[in-house]
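Structural overview for review
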Amino acid sequence: MSFQINGKVALVTGGAGGIGRCIVEALLENGIKGVVIADINEEQGTKVVSELSQKFNPTQILYQKTDVTVVESFEDAFKAAIQQFQHIDILFNNAGIVNENEWEKCVQVNLIGVINGMILATEKYLKDQKLGEEAVIVNTSSIASVTPELLIPTYNATKSAINAITRTYAESYYYNSTKIKVVAICPGVTETSIVNLAGVVRPGPDDSAERTLDGYPLQSPKFLADQVMKVVEKAPTGTIWIIEDTKPAYQYIYNDRKMSQYKV
Ligand SMILES: NC(=O)C1=CN([C@@H]2O[C@H](COP(=O)(O)OP(=O)(O)OC[C@H]3O[C@@H](n4cnc5c(N)ncnc54)[C@H](O)[C@@H]3O)[C@@H](O)[C@H]2O)C=CC1
Ligand SMILES: CCCCCC(=O)/C=C/[C@H]1C=CC(=O)[C@@H]1CCCCCCC(=O)O
């Protein structure tokens with residue numbers, strides 16, 4: 001069954017940043033009725049609303065200052081969506097940071113923030129306040145969830161955990177009562193401010209923090225966001241989608257552990 005973006009309402013965490021902002025714009029291009037930009041950066045959030053209001057109907061775009069690590073703050077963003085647009089149908093759990101020197105903060109934003117969103121959406125807001133028969137959650141993971149990158153171990157761990165939570169809430173045990181499709185996207189290196197890793201990676205055993213993005217294929221956040229729209233509409237629940245190197249999204253398949261032939 002295909003999900004229709006047209007006429008729905010979405011909440012995008014980290015919606016003032018590179019990927020989130022492009023997701024907001026792609027939603028507006030695809031006929032979304034209303035979108036809430038839920039981001040901790042007020043200056044950037046206000047700026048994005050004013051820029052997008054030049055191109056789209058300003059009444060469709062709402063900025064709500066949100067810290068995803070604080071459940072009350074996250075809940076206020078859902079309440080703002082309902083108050084302004086009457087329903088809520090799509091959650092993008094997209095806010096994320098790289099910070100290996102303050103790794104607890106990385107866990108707070110990337111993992112606790114996503115767990116807060118999952119609980120609020122599946123137990124209350126998307127479950128009870130959707131317009132159509134089905135709602136959608138898109139969790140922003142990373143290729144680092146399946147191919148751990150050196151010098152960012154905590155980041156890799158948070159993104160692997162996002163895949164696990166995605167697959168759990170997609171199970172029919174939850175879906176039968178929530179009617180929420182849950183998917184994850186795993187972007188490859190994408191041109192945003194997050195890829196400026198100066199000062200946020202963990203020096204390796206040889207004291208090197210010199211690894212850079214050189215050599216990694218970079219894609220634009222706009223290309224990524226257009227692929228994400230296809231994932232929202234077409235992907236089955238529980239699926240994980242790699243989007244890297246400006247190539248169409250493809251599904252990452254987990255092996256069945258019972259098929260493994262290796263023995264100690
Ligand atoms: N750019 C890349 O190469 C890749 C990014 N990702 C993921 O994509 C997502 C978006 O990242 P980018 O757009 O690249 O980074 P970005 O730094 O441009 O945007 C992140 C946004 O999240 C917001 N944010 C940070 N902490 C927050 C909090 N506590 N509550 C609410 N908002 C908060 C920031 O203010 C910012 O607007 C992240 O989850 C990131 O891990 C995944 C793979 C690759
Ligand atoms: C720490 C070394 C710098 C190089 C990697 C990098 O820049 C990481 C970027 C991360 C920013 C957000 C992400 O999700 C990116 C992870 C990229 C993982 C790359 C894995 C590549 C591979 O092995 O195929």
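Below, the structure is looked at part by part. (Residues numbered from 1 in each chain as written. Chains lettered and ligands numbered in written order. Predicted model: local features only at pLDDT ≥ 70, side-chain atom pairs only at ≥ 80, totals over all residues. Heavy atoms only, no water.)

1. Some words on the site of ligand 1
As a reminder, the rule being used: Residue proximity to a molecule or strand is established when one non-hydrogen atom of the residue lies within 4 Å of it. Residues adjacent in sequence count toward polar contacts only when both atoms are side-chain atoms; beyond that, a polar contact is any pair of N or O atoms within 3.5 Å, and within protein one must be able to donate a hydrogen and the other to accept it. With residues, only the protein chains shown are counted as cover, and all accessible areas are computed by Shrake-Rupley using a 1.4 Å probe. Residue polarity is assigned by list, with Asp, Glu, Lys and Arg as charged and Ala, Val, Leu, Ile, Met, Phe, Trp, Tyr, Cys and Pro as nonpolar; anything else, Gly included, falls into the polar class.
By nearness alone, 29 residues border ligand 1, and Asp39, Asn94, Tyr155, Thr190 and Thr192 come closest of all. One of the side-chain nitrogen or oxygen atoms of aspartate 39 is found 2.6 Å away from an oxygen atom of ligand 1. About the coverage of ligand 1: the protein hides 91% of its 830 Å² of free accessible area. The residue makeup of the shell around ligand 1, split by class, is twelve nonpolar, 14 polar and three charged.

2. Thoughts on the sheet that holds strand β7 (residues 240-243)
As a reminder, the rule being used: Here, strands pair whenever DSSP counts at least two bridges between them. Put simply, DSSP marks the helices as runs of H or I at least four residues long and the strands as runs of E at least two long, and each gets a number from the N terminus on. Interaxial angles span 0 to 180 degrees and are taken between N-to-C directions of axes, which are lines fitted to C-alpha atoms, for helices over the stretch in contact. What makes two residues a contact is simply this: any of their non-hydrogen atoms within 4.5 Å.
Reading across from one edge, β3-β2-β1-β4-β5-β6-β7-β8 is the order of the eight strands in this open sheet, with mixed pairing throughout. Edge positions in the sheet fall to β3 (61-65) and β8 (250-252), since each of these pairs with one other strand and no more. Strand after strand, the sheet turns through a mean of 25 degrees between neighbouring axes, direction not considered. By the bridge criterion, four bridges tie strand β6 (residues 180-187) to β7 in an arrangement that is parallel. Within the sheet, the bridge partner assigned to cysteine 186 lies in β7 and is isoleucine 242. Strands β2 (34-39) and β3 of the sheet are contacted by helix α2 (residues 42-52), whose axis makes an angle of about 175 degrees with β3. Across the sheet, helix α4 (residues 103-123) lies against β4 (90-93), β5 (135-140) and β6, angled at about 170 degrees from β4, the strand it touches most.

3. A short note on the pairing of β5
Spelled out, the test is: Working definition: with a 1.4 Å probe on protein chains only, accessible area under 20% of the residue-type maximum means buried, over 50% means exposed, and in between means partly exposed.
Among the six residues of β5, six are classified as buried, and the element is accordingly described as predominantly covered. Covered by surrounding structure in β5 are Ala135, Ile137 and Asn139 together with Val136, Val138 and Thr140, the residues of both alternating faces. Where β4 and β5 come together, four bridges link them in parallel fashion. Residue pairing across strands places asparagine 93 opposite asparagine 139, the latter belonging to β5. Pairing between β5 and β6: six bridges, direction parallel. Residue pairing across strands places valine 136 opposite lysine 181, the latter belonging to β6.

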